[in-house]
Amino acid sequence: MSLTFGQVIALIGAALAVGLPGIGSARGVGIVGESASGLITEDPSKFGQALILQAIPGTQGIYGFLAGFLTIQKLGLLSGTLVDITTFQGWLIFAACMPIAIVGFMSAIYQGRVAASAIGIVSKRPEEVAKGITFAAMVETYAVLALLATILMLFGIVI
Amino acid sequence: MAIVKMEKMHLLGLKKEQSQIMSALQKTGIVEVIDIVEDNDETAKEVQQDSKIRSELTKDLMDLESKLNNLKFGIDFLKPFAKSVNPLIQGKPNIKKDELAKVLKDEAQVLEALQAVFDLDKRLAQLKVEESKILNQIEILLPWQSLDIPFEQLGDTQETVFITAVMPRKAKDELEKSLEEDELLACIKALGENRDDVYTLVIYHKNHKEAMQSLFKEFSVTVQDFPGLTGTPAQIIKQDKKRLADIEKEREDIKRKSQELSSQKLYFEILYDYYSVERDRKSNILKLLDTDKSFYLQAWLPEKHKDFVKDRILGVTESVYIEFKEPDEDDDMPVLLSNAKLVEPFEVITELYSLPDPRGIDPNPYMAPFYFVFFGMMLSDAGYGIVVSLLTALALLKFKLEGSGRKFVSMFFLCGISTVIWGAIFGGWFGDLIKVKPLWINPLDNPMSVLILSFIMGIIQIYTGIILNAYKNIREGHVADALMDQGLWLVLLTGLLMFAVPQLGAVAKYVAIFGAVGLILTQGRSQKNIIMKLASGVLSLYDITGYLSDVLSYSRLLALGLTTGVIATVINTMAKTVSGSIVGYVVMVLILLGGHVFNILINILGAYVHSSRLQYIEFFSKFYDSGGRAFDPLRIKTTYVELEDL
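Residues numbered from 1 in each chain as written. Chains lettered and ligands numbered in written order. Predicted model: local features only at pLDDT ≥ 70, side-chain atom pairs only at ≥ 80, totals over all residues. Heavy atoms only, no water.

S.K.: Could you give an account of the packing of helix H1 (residues 5–42) of chain A against helix H3 (residues 59–74) of chain A, with specific residues and numbers?
M.R.: Residue and element names in this part refer to chain A. The geometry of H1 relative to H3 is characterised by a closest axis approach of 7 Å and an angle of 170° between their N-to-C directions. Considering their axes alone, H1 and H3 lie roughly antiparallel with respect to each other. Residues Ala10, Leu11, Ala14, Ala17, Val18, Pro21, Gly22 and Ser25 of H1 touch H3, and the partners they reach there are Thr59, Gln60, Gly61, Gly64, Phe65, Ala67, Gly68, Thr71 and Ile72. Across the contact of H1 with H3, the residue classes break down as nine nonpolar, eight polar and no charged. (Axes fitted to C-alpha atoms, helices over the stretch in contact; angles between N-to-C directions. Helix = DSSP H or I, 4+ residues; strand = E, 2+ residues; numbered from the N terminus. Parallel < 35°, antiparallel > 145°, perpendicular 65-115°, else oblique. Contact = heavy atoms within 4.5 Å. Nonpolar A, V, L, I, M, F, W, Y, C, P; charged D, E, K, R; others polar.)

Written as structure tokens, this is what we have:
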């Protein structure tokens, strides 16, 4: 099986789309986990609320995975036969992967920081945790928009 | 519907009937006593606080509080021993009037049992201290185990001195060498050692005492004393171990006694709840103003219940004066919501944000349908919807849920139904596991149509928000404001939207221009001079970016819907690749189960968070006045049991 340069570029795009938001989410989830562990030593009963906060920065990794999956599906990698694409098309697909790769990476870390501060809300005023979740969701908006841009671009590229 | 109308009750009564009246109010459970002592001016407050009755009441309350603490301690202590009845499943035990009377009659016995619990706890604490002391002693004695001289016989004999000493490993050899060189009559016997030190018995002649001591100093030898210990170390350790076994046995004994006492837990709980009801009542009495013979009470209550409350009070006594008044402008009234059965579960979303201002609008009836639709659209898988609805329905039937927990579960039940509907529309049944033709389209085939649908949803919600704000203005009598602020924006936005439809393009221009010019002319009306008026008018058009970003924000309806569908598909694909052999089928089922459970959980979280966010940020910002205080009536509030016939 010989690969074209376009296919390689497209696959690198898919790899970045999965990888970068994945790293970001891992860091975001990690940051929240560190704060949450501090809280749990004081009050183990708040595990449920803390876990919800920890899960929030995890979504970027899922968005990235989603974008990567759609890309390799488009390339025909899953059915076993790679679609023959030109270098130009390869770069197009690469570009389509970039929004979620970059925004997913950064937003997951920032969201992790917001969610980690919200752990403070859980410790002092657990009844107000919804507000902390909302603060974290504000950050997520941009990851959602980036995912949407990636998906729309991918669907728009004709190969 | 919506926010319940409150009225203020003023009540003048006789002091001697005060506690009966308060009990009657507590039993109604719908009256919130206002603290008028706090609000009163300083002198009145001082007079109030000086009064003898008040100080007695405060003392009573403190007694009650300590009694409650003790009972709580007893309940917590016995909890691990009692047969656990899960109140979530069984509900609180119902205590009839005669049962309660019996417990109250036998209170002395119950308190004796409580004292027994305290004794057991005290004994446990003592045992714990003793145990750690013994363990510590064993640890110290362990290196000396091979010493066969009882401790009390160490020390001076007629000619010699016996001492126990710890020295560094290296020092021992050097010390022995020095002893030999100086020809001192002494001998060192190693008894035990650890990594750094040697534990030794040193025997020397009395004449060399000073020489020995200076040598000890030189080689950093520590002489160890065992004051108060008798017998050899091995004997002492043996005794200690026996004592440890005894302690363990006594612990078992305490455990058995606790088990015997655990039948008392119910009585502790009954008393706890009984006294906490009493405490609630008495602490509310502190909020009243009183004279020698009479008292004055203010309270909030729902307007529709005022006759009921009045009847109850008159049932206690005739000699009261009661008056109901509508709230004043600046009264801080509490908020009680009352909504239709289908809307009520969604109140929890608003409660998590903030309760409405008592003079504002209850957003729940308007918010609930949107939440219902959005949640379903984001989860958008009929299979997942069925799972969510079934599980929550089971929880509602099986468990005795109360308050906001119940609302939450009911909300997810309703949202599950919405998810089934949207899943059918988009053709998602556990992703593509069960292939059913979509009722409308599959968002993966045609994301643009679903994106436009999302924007339309958003536009409907934003319009609803603006109209609600206009309604609020009109209700307050600001019809002009409603027309100029909300009306003109609606005109402008409608004009802009009409551009999207080609046939309406020609009219759209004029509608939009009319709206925009209207806004420029009216938005600066609070400014004084004409230039500022126009300038703020023009600036107000900048808000259009706000509306634009609000609408774009609804694109998450598509994005989250796609996420669910695609991940479900990925799970199915992964599962399919392993099928084939028997082991393969087992792994396939495991992947399907684990994968879909994970996907359901992560997407419920996403759908919950993002539907809430759309309400909080995009919808509530248009009209909602928050900051209400929850109605917290004086009522019979129990923790462990139901005391219905109190």
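Moving on, there is more to tell.
S.K.: A description of the pairing of strand E5 (residues 160–168) of chain B should follow, citing residues and the corresponding values.
M.R.: Walk down a regular strand and you will see the side chains alternate between the two sheet faces. Residues and elements named next belong to chain B. Sheet topology note: the strand E4 (residues 155–156)/E5 ladder contains two bridges and is antiparallel. Its bridge partner being in E5, Asp156 is matched across the sheet by Val161. Where E4 hands over to E5, the hairpin turn is made up of three residues, counted between the paired strands. In the sheet, E5 pairs with strand E7 (residues 197–205) via nine bridges, with the strands oriented antiparallel. Bridging across to E7, Met167 finds its partner in Val198. Strand direction decides the pairing type here: E5 and strand E8 (residues 222–224), joined by three bridges, are antiparallel. Looking across to E8, one finds that Val166 is bridged to Thr222. (Pairing = 2+ DSSP bridges.)

S.K.: Can you break down the pattern of salt bridges residue by residue, with the values?
M.R.: All names here are of chain B. One pass over the full model with this rule turns up 35 salt bridges over all chains. Here Lys407 makes a salt bridge to Glu347, at a shortest N to O gap of 2.9 Å. Note that Lys407 is positioned in helix H16 (residues 403–426) and Glu347 in helix H13 (residues 347–353), a separation of 60 residues in sequence. Assessed through its relative accessible area of 16%, Lys407 is described here as buried. The partner of Asp485 in a salt bridge is Arg525, and the shortest N-O contact between them spans 3.2 Å. Of this pair, Asp485 sits in helix H18 (residues 479–498) while Arg525 sits in the loop between helix H19 (505–522) and helix H20 (530–540), and the two are 40 residues apart along the sequence. For Asp485, a relative accessible area of 21% puts it in the partly exposed group. (Salt bridge = Lys/Arg side-chain N within 4 Å of Asp/Glu carboxyl O. Buried < 20%, exposed > 50% of the residue type's maximum accessible area, 1.4 Å probe, protein only.)

S.K.: Go over the interface of chain B and chain A with me, naming the residues and quoting the values.
M.R.: Interface size is commonly expressed as the accessible area that is lost once the parts come together. Each side of the interface is counted separately: chain B has 27 residues, and chain A has 25 residues. At the boundary of chain B with chain A, total buried surface from both sides reaches about 2,300 Å², with 83% on carbon and sulfur atoms. At the boundary of chain B and chain A, one finds zero salt bridges. There are four residue pairs in polar contact (both at pLDDT 80 or more) connecting chain B and chain A. Secondary structure elements with two or more residues in the side of chain B that touches chain A: H13, helix H17 (447–475), helix H22 (556–578) and helix H23 (582–623) of chain B. Sorting elements by how many residues they give to the side of chain B that touches chain A places H22(B) first, with ten residues. Across the side of chain B that touches chain A, the residue classes break down as 20 nonpolar, five polar and two charged. (Buried area = accessible area lost by both parts, 1.4 Å probe. Polar contact = N/O pair within 3.5 Å; in protein donor to acceptor, adjacent residues only side chain to side chain.)

S.K.: Can you break down a negative patch on the surface residue by residue, with the values?
M.R.: Residue and element names in this part refer to chain B. On the surface, a cluster of negative charge is made up of Asp173, Glu174, Glu180, Glu181, Asp182, Glu183 and Glu218. Considering each element in turn, the negative patch owes the most residues, five residues, to helix H8 (residues 169–182). Relative to the elements of secondary structure, Glu174 occurs in helix H8. (Patch = residues over 30% accessible without salt bridge, like charges linked within 9 Å, V, L, I, M, F, W, Y side chains within 5 Å. Areas by Shrake-Rupley, 256 points an atom, 1.4 Å probe, with all protein chains shown as cover. Lys, Arg positive; Asp, Glu negative; His and termini not counted. Charge placed at Lys NZ, Arg CZ, Asp CG, Glu CD.)

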